[in-house]
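If you want the building blocks of each chain, they are given just below.
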Amino acid sequence: MITERKFVMEIKTLSLTNGKQTTQASLTAYLQTPTPKAPVQAFPALIFVPGGSMTHIPEEESEKTALTFAALGYQVFILRYSFVGEATPLYPAPLLDLAQAVSLVHHHEDSWHLNGKVAVMGFSAGGQVVALYNDYWQSTWLGEESGLTEAERHFDAAVLGYPVIDLDLGFPDEATLTKWTDDPAKYNASHHVNQANRPTFTWATVTDPLITVQNSLNYVQALQRENISQEIHLFDGGPHAMDVATDLVGPTVEPHKPHVHHWVTLADEWLTQTLSL
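If you're wondering where the values come from, they're calculated on a predicted model, not measured in any experiment.

The rules behind the values
Positions within a chain are numbered from 1, following the residues in the order the chain's sequence is written. With the structure being a predicted model, the display of local features is reserved for residues of pLDDT at least 70 and the display and counting of side-chain atom pairs for 80 or more, all residues being used for whole-chain, interface and lining totals. The side-chain quantities take in all heavy atoms of the structure and omit both hydrogens and water. A run of H or I in DSSP counts as a helix once it spans at least four residues, and a run of E counts as a strand once it spans at least two, with each numbered from the N terminus. Radius of gyration means the value over C-alpha atoms here, while the globule rule gives 2.2 Å times the residue count to the 0.38 power. When accessible area is computed with a 1.4 Å probe and restricted to protein chains, residues below 20% of their type maximum are described as buried, those above 50% as exposed, and intermediate ones as partly exposed. Working rule for contacts: check all heavy atoms of both residues, and any pair within 4.5 Å makes them a contact. Only the protein chains shown count as covering a residue, and every accessible area follows the Shrake-Rupley method with a 1.4 Å probe. Counted as positive: Lys and Arg. Counted as negative: Asp and Glu, with His and the chain ends omitted from the count. To locate a charge, the coordinates of NZ of Lys, CZ of Arg, CG of Asp or CD of Glu are taken. By definition here, a salt bridge exists when the distance from a side-chain nitrogen of Lys or Arg to a carboxyl oxygen of Asp or Glu is within 4 Å. Here the aromatic set is Phe, Tyr and Trp, taking the six-membered ring for Trp, and pairing holds for ring centres within 6.5 Å; pairs whose planes are under 30 degrees apart are stacked, those over 60 apart are edge-to-face, and all others are tilted. Charge-over-ring contacts are defined here by two conditions on Lys NZ or Arg CZ: a distance within 6 Å of the ring centre and an angle within 35 degrees of the ring normal. A fitted line through C-alpha atoms represents every axis, and for helices the fit uses only the stretch in contact; the resulting angles, taken between N-to-C directions, go from 0 to 180 degrees. Roughly parallel means an angle under 35 degrees; roughly antiparallel means over 145; roughly perpendicular covers 65 to 115; every other angle is labelled oblique. When DSSP locates at least two bridges between a pair of strands, those strands are taken to pair. Assignment of crossover handedness uses the view with strands pointing away from the viewer, where a clockwise path from the first strand over the helix to the second indicates a right-handed crossover.

Comments concerning the overall build of the protein chain
Okay, so step 1: What the protein chain contains, in helices and strands, is 8 helices and 8 strands.
Okay, so step 2: Against the globule reference of 19 Å for 277 residues, the protein chain gives a C-alpha radius of gyration of 18 Å, in line with a compact fold.
Okay, so step 3: The principal-axis extent of the C-alpha atoms belonging to the protein chain is close to 60 × 45 × 40 Å.
Okay, so step 4: Classification of the 277 residues of the protein chain by burial places 54% in the buried group.
Okay, so step 5: Intrachain contacts of the protein chain at a sequence separation of at least 6 include 72% that bridge at least 24 residues.
Okay, so step 6: Carbon together with sulfur atoms contributes 52% to the accessible area of the protein chain, which is approximately 12,400 Å² in total.
Okay, so step 7: For the protein chain, the distance from the average position of its 14 positive side-chain charges to the average position of its 31 negative side-chain charges is 7 Å.

This is the structure:
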């Protein structure tokens, strides 16, 4: 006999098309139900922007990352942002997608059991989307192009994993860069850090062969010049795309790095402190 039951975690995907823009972007929500009578009845939101060279997102490992942070007490949302070929050039479409995602989370605070705190997290190319959003979220141009108020675009903290930051550090190549933007200077993230940037947690491996660690260092130094609260962790070894650094995810070469996996705990501790949870 098979008994049907209602699962306490609801997974739903919502289109980000709206009156201002038509997009193939979407937001997948992993919504847990508070445990009756538990001290925690509302959760912080964590919007995750995966990597994938702006051409795709790795869905299987992205879901495992989402579940990792859901188990730590976050309502997690995976952003499937606009890809190369869906906008020409691609930027600023992914930033508009992220702005819409942040707004959507704000507007569902009660029904999604949220506590009003919003963090955004990005890896690799998704890390550049998050870093640029960190730079531009309060800008007039992003407000005008997204049609959203500053309050709707507001977030509280950023987490960056092995991020692409500046477009003159070897990734992407020149042919791909023209598909990303016709104005590279505008999208060199370390060049646009300002007083409106939110507290930021950055981690990377110094041996990353694809996205040089200089990306992270450039952004960290720019945040330091603006006196933005931040934390950085550089791990001695590990390939690109470590994700949560277990055998369940990551590259086929050296996927399991117990020491690198500590970034998850470190980020959670930092978010707890930064969001005053």
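Let's pick the thread back up.
Things to note about the pattern of salt bridges
Okay, so step 1: In the structure shown here, the tally under the stated rule is 2 salt bridges.
Okay, so step 2: The partner of Glu10 in a salt bridge is Lys12, with the nearest N and O atoms 3.5 Å apart.
Okay, so step 3: Given the relative accessible area of 42%, Glu10 is considered partly exposed.
Okay, so step 4: By relative accessible area, which is 28% here, Lys12 ends up partly exposed.

Let's talk about the packing of aromatic side chains
Okay, so step 1: On inspection of all chains with the given rule, the structure shows 17 aromatic pairs.
Okay, so step 2: An angle of 65° between the planes, with centres 6.0 Å apart, marks the rings of Phe69 and Tyr74 as edge-to-face. A single burial state applies to Phe69 and to Tyr74, both of which are buried.
Okay, so step 3: Each ring, one from Phe171 and one from Trp180, has its centre 6.1 Å from the other, and the planes form 75°; the classification is edge-to-face. Across the pair, Trp180 and Phe171 agree in class, each one buried.
Okay, so step 4: Note that Lys186 overlies the ring of Trp141, its terminal NZ or CZ placed 4.0 Å from the centroid.

Notes on the environment of Pro34
Okay, so step 1: Tracing the chain through its elements places Pro34 in the loop between strand 2 (26-32) and strand 3 (43-49).
Okay, so step 2: Assessed through its relative accessible area of 9%, Pro34 is described here as buried.
Okay, so step 3: Expressed as a C-alpha distance, the spacing of Pro34 and Ser139, which sit 105 residues apart in the sequence, is 36 Å.
Okay, so step 4: Those residues in contact with Pro34 that lie beyond four places of it in its chain are Val40, Gln41, Phe43 and His113.

Some thoughts on the environment of Val193
Okay, so step 1: Note that Val193 resides in the loop between helix 6 (174-180) and strand 7 (200-205).
Okay, so step 2: Separated by 57 residues in sequence, Val193 and Tyr136 place their C-alpha atoms 8.3 Å apart.
Okay, so step 3: In contact with Val193, other than residues within four places in its own chain, are Asp135, Tyr219, Ala222, Leu223 and Glu226.

Some words on unusual backbone geometry
Okay, so step 1: Look at the link from Tyr91 to Pro92: it is a cis peptide, with omega at 10°.
Okay, so step 2: Inspection of the secondary structure puts Pro92 in the loop between strand 4 (75-80) and helix 2 (93-107).
Okay, so step 3: Even without glycine at this site, His113 takes up a positive phi of about 55°.
Okay, so step 4: Phi at Tyr162 takes a positive value of approximately 35°, unusual for a residue other than glycine.
Okay, so step 5: Locating Tyr162 in the fold gives a position in the loop between strand 6 (157-161) and helix 6.
Okay, so step 6: Take Tyr162: its relative accessible area is 5%, and that puts it in the buried class.

So, the packing of helix 2 against helix 3 (residues 124-136)
Okay, so step 1: Orientation of helix 2 relative to helix 3, taken along the N-to-C sense of each, is 75°, at an axis distance of 10 Å. By the angle between their axes, helix 2 is roughly perpendicular relative to helix 3. Contacts between helix 2 and helix 3 pair Pro94, Leu95, Leu98, Ala99 and Val102 from the former with Val129, Val130, Leu132, Tyr133 and Tyr136 from the latter.

A few points about the pairing of strand 4
Okay, so step 1: The buried fraction of strand 4 is high, at 6 of 6 residues.
Okay, so step 2: Neither face of strand 4 is exposed, since Gln75, Phe77 and Leu79 on one face and Val76, Ile78 and Arg80 on the opposite face are all buried.
Okay, so step 3: In this structure, strand 2 lies alongside strand 4, joined through 5 bridges in antiparallel fashion. In the sheet register, Ala29 faces strand 4, and the bridge partner there is Phe77.
Okay, so step 4: The parallel pair strand 3 and strand 4, bridged by helix 1 (residues 59-70), forms a crossover whose chirality is right-handed.

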